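Single-letter residue listing:
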2 protein chains.
Amino acid sequence: MTILSIVEAVVTPVAFPDPPLLNSAGVHQPWALRTIVELRTGDGLIGLGETYGDAPHLALVRRAADALVGLDAFDLAAVRRAVSLAIGYADLPDRHGLIGPSSATKTLLKVLSPFEVAAIDLQARAVERPVCDVLGGRVRERVPFSAYLFYKWAGHPGAEPDEWGAALDPDGLVAQADTMIKKYGFRSIKVKGGVLPPDAEVDAILALRQAFPEHPLRLDPNCAWSVATSRRVAERMSGILEYLEDPTPGIPGMAEVAASAQMPLATNMCVVEFADIPEAFARGAVGVVLADHHYWGGLRACADLARICHTWGVGVSMHSNSHLGISLAAMTHLGSTLPNLTYAADTHTPWQGCVDVVTAPLSIVDGEVTVPDGPGLGVELDRDALARLHENYVRCGIRERDDTAYMRTVHPDFVKRRPRW
Amino acid sequence: MTILSIVEAVVTPVAFPDPPLLNSAGVHQPWALRTIVELRTGDGLIGLGETYGDAPHLALVRRAADALVGLDAFDLAAVRRAVSLAIGYADLPDRHGLIGPSSATKTLLKVLSPFEVAAIDLQARAVERPVCDVLGGRVRERVPFSAYLFYKWAGHPGAEPDEWGAALDPDGLVAQADTMIKKYGFRSIKVKGGVLPPDAEVDAILALRQAFPEHPLRLDPNCAWSVATSRRVAERMSGILEYLEDPTPGIPGMAEVAASAQMPLATNMCVVEFADIPEAFARGAVGVVLADHHYWGGLRACADLARICHTWGVGVSMHSNSHLGISLAAMTHLGSTLPNLTYAADTHTPWQGCVDVVTAPLSIVDGEVTVPDGPGLGVELDRDALARLHENYVRCGIRERDDTAYMRTVHPDFVKRRPRW
């Protein structure tokens, strides 16, 4: 009997440089936080997971990690029970608010996720198979990702411009797309909107359409628009957008927009847990759900979500926050197993440059990541890099992501409003 | 890298004695048919599966089996592709008609199922873990089953009465329940109805309620009733039945009955594939879905079904046809992993007596089957028994289950009608 007895669960917060990417909540701080999770077995196997780095979340992840020692990584049900017992009914407010009101269930699923990934990684390593085989086998060898464009400042306040420079108008976004597509070969484009007034963002979409006539385009204003604005703007982009993501808050509002919009509405803000699905689907509020194993509760949960979407004829893509190479590998394995990954997935990978915690990050070629054939996730920790990124964390002073507060340091009158227009 | 290269896929049809159990389609023939599937690897591992034995199905299972040689049992996606390619768009009529009109999709899923189970069995054996661990870990150690009562003749025409004797009225069913519960300790009771006029079956339910005041009761008339009859009969059984299963055909009819019935309606006839779910749930047609890995497409598909049911607040149980010990083991592993197995599962095990193809069949104690800790499914083929049961198959002359034709040999005027009353 193969026992994957967990002898140590190591939790390491890290920080890495992040460009000043703009969104409806504010702007990315100079450092993005993540937490790296390692589950170590007596046989010397190490399973990897990656999750958010905000301090209250990190505290729960640590508490959960301590509860896993002695468990068997083959017994995911026991892992889940242990995490649940360890954190109780903790209900962490989500300051960024991207997945709606907080709840004990959402908190549990976010804390569980890196351990589920790490446990599955261990299971796969034990048989020297890629994680996708533990998940049911890949249906594609390469997983498509999209170019994820952001309005951005040239650099952080007081710092030199970064390699990407400013993007605050249509020309800026087109130039950004050009650079990103030349480098990574992306075959679809997503724009993070909700930053400029809606018509200015539509102008950018129209400019991108002209510059990249063959690339499917998407726009995600993160609920910055009212229903009326959303309907009007959707009308202007008929026949141009592959999908419009979260134009307005809430299922009822999304349903109103969906009723008149020509393109499907995508979401990672109004359908963020299983409990949201029945009402959203019954109202026809969404046509695409963006899965994210970091908050749906792991890889298996996202596969379940994809099956549900397939059953109801709803499309599937994947959501991304700023992340490192463990998450990219996890997304790639998951994406390779989903028959109905109907849209290229999001990733922030280009924004992280060459910084990573793994020795050989998976690379994006022709807009796709090839599923690694090595055991487990197919990536290994770079101990030196992990130490450096942890040192960043210790020194950077940021303990919780707060795009709004950071924006206020430059624009003191900035307020987060959803909808804003 | 652990490779589970399939070097041989062995398909063996078997037959075993079946008592004259009555149902709305007719009566069980003297022999029940099944097909035993073995996937053998180069390392000498054997993965087991069990499926229907009807000749047209068997032919497709054989064709699929041939296509699996050379594949890797870790790659379930490849197994599925191979089965799909091997049988093409074959669309087998289902003479028994228990899962609605036939389709190419349903046919594929039925043919795929034993191979999915056998492949997962191999995966589990490779790491010497129970199948439940490959499915995500057990949430319970023991899976509850219910006493599955049938109206029946004393014996097959021309034969001696069997050990169970006749059950054609309330007293007969109560006696049968008594015997079965004494022997297996079942803590819930299901009655296969649709045999006698509805009020006679209600009388039996009332007699069972009196004799077994603490046992949850269920009645399954297999769509023998009209909507009006169903509503009236459901009313008579308010507060008595745990659930009423498939009183009437079709989602619209079930929805009409559900609208007035006090108890939830269960089904394995109107929700039998993923495509049925959205309409059935939207109409509130069913409150419990009976999963069955033999036609939903395997163990993983049933776990997905359970997740969907949980998301929509619909209960889950498991359906059973006449089966042997491989299927019982598969159901037990699956059932142990489903957080929302809200009702004891069905099984025909008591009707098969001690006949089996495995060396040490799992046993039902206190109405439950304990999940075996051994590798894989936890059961091993008994080669002598397999040979004997195959010999039965060769000699019995039955090549397709046909309860209606068999009933006509005794009652020439019998016709299968759904609804009948």
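### Overview of the relation of the copies chain A and chain B
Turning to step 1, where the next piece is worked out: Note on the identical chains: chain A maps onto chain B by a rotation of 180° and an axial translation of 0.0 Å, with an RMSD of 0.0 Å. Within this description, the copies of the chain are treated as partners about a two-fold rotation axis. Of every C-alpha in chain A, the one belonging to A:Asp304 sits nearest the axis of rotation, 2.9 Å from it.
Turning to step 2, where the next piece is worked out: Looking at chain A, 100% of its interface residues are interface residues in chain B too, so the copies touch through the same face.

### Some points on the layout of surface pockets
Residue and element names in this part refer to chain A.
Turning to step 1, where the next piece is worked out: Its boundaries defined by the atoms lining it, the second largest pocket holds a volume of some 270 Å³.
Turning to step 2, where the next piece is worked out: Contributing to the lining of the second largest pocket are 17 residues, with Tyr-184, Thr-349, Gly-353, Cys-354 and Pro-361 lying nearest its centre.
Turning to step 3, where the next piece is worked out: Secondary structure elements with two or more residues in the lining of the second largest pocket: α5 (170–184) and α12 (325–337).
Turning to step 4, where the next piece is worked out: Tallied by class, the residues present in the lining of the second largest pocket amount to eight nonpolar, six polar and three charged.

### Considerations on the nonpolar core
Turning to step 1, where the next piece is worked out: Ranked by internal contacts, the top residues of the largest apolar core, which has 290 residues, are A:Phe115, A:Phe281, B:Phe115 and B:Phe281.
Turning to step 2, where the next piece is worked out: Those residues in contact with A:Phe281, other than ones at most four positions away along the chain, are A:Val286, A:Val289, A:Ile308, A:Cys309, A:Trp312, A:Val314 and B:Trp312.

### Points about helix α2 (residues 76–87) of chain A
All names here are of chain A.
Turning to step 1, where the next piece is worked out: End to end, α2 covers 17 Å across 12 residues, agreeing with the expected 16 Å (1.5 Å per residue, within 8%).
Turning to step 2, where the next piece is worked out: Turning to α2, its buried residues are Leu-76, Ala-77, Ala-78, Val-79, Ala-82, Val-83, Ala-86 and Ile-87.
Turning to step 3, where the next piece is worked out: Residues of α2 that are buried sit in contact with α1 (55–68), α3 (104–126) and α11 (299–312).
Turning to step 4, where the next piece is worked out: The positive-phi residue at the C-terminal boundary of α2 is Gly-88, with phi of around 60°.

### Quick word on the sheet that holds strand β8 (residues 189–192) of chain B
Residues and elements named next belong to chain B.
Turning to step 1, where the next piece is worked out: Sheet architecture is open: seven strands sit in the order β7-β8-β9-β10-β11-β12-β13, paired in parallel fashion. Since the sheet does not close on itself, it has two edges, and those belong to β7 (147–150) and β13 (315–318), each with one partner. For this sheet the average axis-to-axis angle between neighbouring strands, irrespective of direction, equals 25°.
Turning to step 2, where the next piece is worked out: Note: β7 against β8, four bridges, orientation parallel. Counterpart to Phe-150 in the pairing with β8 is Lys-192.
Turning to step 3, where the next piece is worked out: Its contacts with the sheet put helix α6 (residues 198–211) on β7, β8, β9 (217–220) and β10 (241–245), and the angle it makes with β9 is roughly 165°.

### Describing the pairing of strand β4 (residues 31–41) of chain B
All names here are of chain B.
Turning to step 1, where the next piece is worked out: Across the 11 residues of β4, nine count as buried, placing the element largely inside the fold.
Turning to step 2, where the next piece is worked out: Bridging between strand β1 (residues 6–17) and β4 involves 11 bridges; their strand directions are antiparallel. Looking at β4, one finds that Pro-13 is bridged to Thr-35.
Turning to step 3, where the next piece is worked out: Examined bridge by bridge, β4 and strand β5 (residues 46–52) share seven bridges and lie antiparallel to one another. Note that in β5 the partner of Ile-36 across the bridge is Glu-50.
Turning to step 4, where the next piece is worked out: The loop that links β4 with its antiparallel partner β5 comprises four residues; one of these, Gly-44, has a positive phi angle of about 90°.

### Details of the packing of aromatic side chains
Turning to step 1, where the next piece is worked out: Tallied over the entire structure, the rule returns 16 aromatic pairs over all chains.
Turning to step 2, where the next piece is worked out: Their ring planes at 85° and their centres at 5.0 Å tell us that B:Phe274 and B:Trp296 sit as a pair that is edge-to-face. A residue pair is termed long-range when its members are at least 10 positions apart, and B:Phe274 in the loop between β11 (265–267) and α9 (277–282) and B:Trp296 in helix α10 (residues 293–296) qualify at 22 residues.
Turning to step 3, where the next piece is worked out: A relative accessible area of 1% places B:Trp296 in the buried class.
Turning to step 4, where the next piece is worked out: Ring pairing ties together the aromatic residues A:Tyr148, A:Phe150, A:Trp164 and A:Trp351, which thus form one cluster.
Turning to step 5, where the next piece is worked out: A cation sits over an aromatic face here: B:Lys110 above B:Tyr52, 5.8 Å from the ring centre.
Turning to step 6, where the next piece is worked out: Lying across the ring of B:Tyr393, B:Arg399 places its NZ or CZ 4.0 Å from the centre.

### Looking at the pattern of salt bridges
All names here are of chain B.
Turning to step 1, where the next piece is worked out: Inspection of every chain in the model, using the stated rule, returns 54 salt bridges over all chains.
Turning to step 2, where the next piece is worked out: A salt bridge links Arg-125 to Asp-121; its shortest N-O distance comes to 2.9 Å. One end of the pair is Arg-125 and the other is Asp-121, both in helix α3 (residues 104–126) and four residues apart, which spans about a single turn. Each member of the pair, Arg-125 as well as Asp-121, carries the same accessibility label: buried.
Turning to step 3, where the next piece is worked out: We note a salt bridge from Asp-162 to Lys-152, for which the minimum N-O separation is 2.8 Å. Separated by 10 residues along the polypeptide, Asp-162 in the loop between β7 and α5 (170–184) and Lys-152 in the loop between β7 and α5 bring together distant segments of the chain.

### Brief notes about the interface of chain A and chain B
Turning to step 1, where the next piece is worked out: Facing the 30 residues of chain A at the interface are 30 residues of chain B.
Turning to step 2, where the next piece is worked out: Carbon and sulfur atoms supply 53% of the area buried between chain A and chain B, which totals about 2800 Å² over both sides.
Turning to step 3, where the next piece is worked out: When the buried surface of chain A facing chain B is broken down by residue, A:Arg129, A:Arg307 and A:Trp312 rank first, second and third, together holding 23% of it.
Turning to step 4, where the next piece is worked out: Counting across the chain A and chain B interface gives four salt bridges.
Turning to step 5, where the next piece is worked out: The salt bridge involving B:Arg129 is made with A:Asp72; its shortest N-O contact spans 2.4 Å.
Turning to step 6, where the next piece is worked out: Across the contact surface, chain A and chain B share 14 residue pairs in polar contact (both at pLDDT 80 or more).
Turning to step 7, where the next piece is worked out: For the side of chain A that touches chain B, the secondary-structure elements that each account for two or more residues are α2, α4 (131–134), α9 (277–282) and α11 of chain A.
Turning to step 8, where the next piece is worked out: Residue composition of the side of chain A that touches chain B, grouped by class: 16 nonpolar, four polar and 10 charged.

### Details of unusual backbone geometry
Residues and elements named next belong to chain A.
Turning to step 1, where the next piece is worked out: With an omega dihedral of 0°, the bond running from Arg-418 to Pro-419 counts as a cis peptide bond.
Turning to step 2, where the next piece is worked out: Within the fold, Pro-419 resides in the segment after α14 (403–408).
Turning to step 3, where the next piece is worked out: With a phi angle near 40°, Asp-246 is a residue other than glycine that sits in the positive phi range.
Turning to step 4, where the next piece is worked out: Inspection of the secondary structure assignment puts Asp-246 in the loop between β10 (241–245) and α8 (251–260).
Turning to step 5, where the next piece is worked out: Given the relative accessible area of 0%, Asp-246 is considered buried.

Cut-offs applied
Residues numbered from 1 in each chain as written. Chains lettered and ligands numbered in written order. Predicted model: local features only at pLDDT ≥ 70, side-chain atom pairs only at ≥ 80, totals over all residues. Heavy atoms only, no water. Least-squares fit on C-alpha atoms with pLDDT ≥ 70 in both. Contact = heavy atoms within 4.5 Å. 1 Å grid on protein atoms, 1.4 Å probe; cavity = no way out; pocket = protein on both sides within 12 Å on 5 of 7 lines; lining within 4 Å. Points joined across faces, edges and corners; volume = space filled by probe spheres on them. Helix = DSSP H or I, 4+ residues; strand = E, 2+ residues; numbered from the N terminus. Nonpolar A, V, L, I, M, F, W, Y, C, P; charged D, E, K, R; others polar. Core = buried A, V, L, I, M, F, W, Y, C linked by side-chain atoms within 4.5 Å. Buried < 20%, exposed > 50% of the residue type's maximum accessible area, 1.4 Å probe, protein only. Expected span 1.5 Å × (residues − 1). Pairing = 2+ DSSP bridges. Axes fitted to C-alpha atoms, helices over the stretch in contact; angles between N-to-C directions. Phe/Tyr/Trp six-rings, centres within 6.5 Å; stacked < 30°, edge-to-face > 60°. Lys NZ or Arg CZ within 6 Å of the ring centre and 35° of its normal. Salt bridge = Lys/Arg side-chain N within 4 Å of Asp/Glu carboxyl O. Buried area = accessible area lost by both parts, 1.4 Å probe. Polar contact = N/O pair within 3.5 Å; in protein donor to acceptor, adjacent residues only side chain to side chain.

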